[in-house]
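Observations on the three-dimensional arrangement
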Amino acid sequence: MELRQEGITDTRVLSAIERVPRDRFVLPHFEDQAYANTALPIEQGQTISQPYIVAVMTSALDVNDRMKVLEIGTGSGYQAAVLANLCRRVYTVERYPSLLRKAEKKFLELNLHNVTSRLGDGSNGWPEQAPFPRIIVTAAAEEPPQALLKQLAVGGIMILPIGSTLSNQDLVQIRRTDSGFELAKILPVRFVPMVLGVAGDG
Ligand code: SAH
């Protein structure tokens, strides 16, 4: 992967990405493309993000090994696996039971014991574990979900795609200060939409 040439300079992020075998998180049919810098389809019409976007989001999240991180949208589990190498614990929420089961199997196989996952509507966050110093959302909502803003610690950072359509989304960094929230756009992106409620795929 040519992430360095693409401008990713955080060496901790680069080595965390190098440690995660992306070929284990893609569908068998796409294994030969696992190390290309592209998003790929996974089950249920969802996608595993482009490695460059994973690198940008992980860098912008600015995590350290004392932090717990909340991720919304487990999907393949790839982003959670990258974060697991950088933080104390990842709490990740997915609305498709089948995707969640598959991702949980990967976490076990790769000995990522600091990932805690659950089925749920991630727009509600994970209130029992709040506040979180870091929150990462990997599905696009029109507005930052209120529950997530509430569960972000003061001084904390949330990274999320914001926008109503595929062609009109920005990756955004939100910082919670003593007095409110500061928002900064990072770059245009294309994420699958955040959908409310839990899916019923068994
Ligand atoms: N981080 C993932 C990206 C998966 S795509 C990876 O590394 O592979 C986004 C995921 O968000 C999809 O699996 C989708 O089902 C999930 N999602 C969408 N809306 C959600 C919601 N409200 N709660 C939880 N997960 C949601």
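Structure's up top.
Residues numbered from 1 in each chain as written. Predicted model: local features only at pLDDT ≥ 70, side-chain atom pairs only at ≥ 80, totals over all residues. Heavy atoms only, no water.

Once that is clear, we can look at the overall build of the protein. Along the protein, the regular secondary structure elements total 5 helices and 9 strands. Sequence-ordered secondary structure for the protein, helices as α and strands as β, is α-β-β-α-β-α-β-α-β-β-α-β-β-β. For 202 residues, the compact-globule formula gives about 17 Å, and the C-alpha radius of gyration of the protein, at 15 Å, lands near that figure. Viewed in the frame of its principal axes, the protein has a C-alpha envelope of about 50 × 40 × 35 Å. Going through the 202 residues of the protein one by one, you find that 53% of them count as buried. Pairs at least 24 residues apart make up 53% of the contacts formed inside the protein by residues separated by at least 6 positions. Counting only carbon and sulfur atoms, one obtains 50% of the accessible surface of the protein, whose full area is about 9,500 Å². Between the averaged position of the 21 positive side-chain charges in the protein and that of its 22 negative side-chain charges there is a distance of 5 Å. (Helix = DSSP H or I, 4+ residues; strand = E, 2+ residues; numbered from the N terminus. Rg over C-alpha atoms; globule rule 2.2 N^0.38 Å. Buried < 20%, exposed > 50% of the residue type's maximum accessible area, 1.4 Å probe, protein only. Contact = heavy atoms within 4.5 Å. Areas by Shrake-Rupley, 256 points an atom, 1.4 Å probe, with all protein chains shown as cover. Lys, Arg positive; Asp, Glu negative; His and termini not counted. Charge placed at Lys NZ, Arg CZ, Asp CG, Glu CD.)

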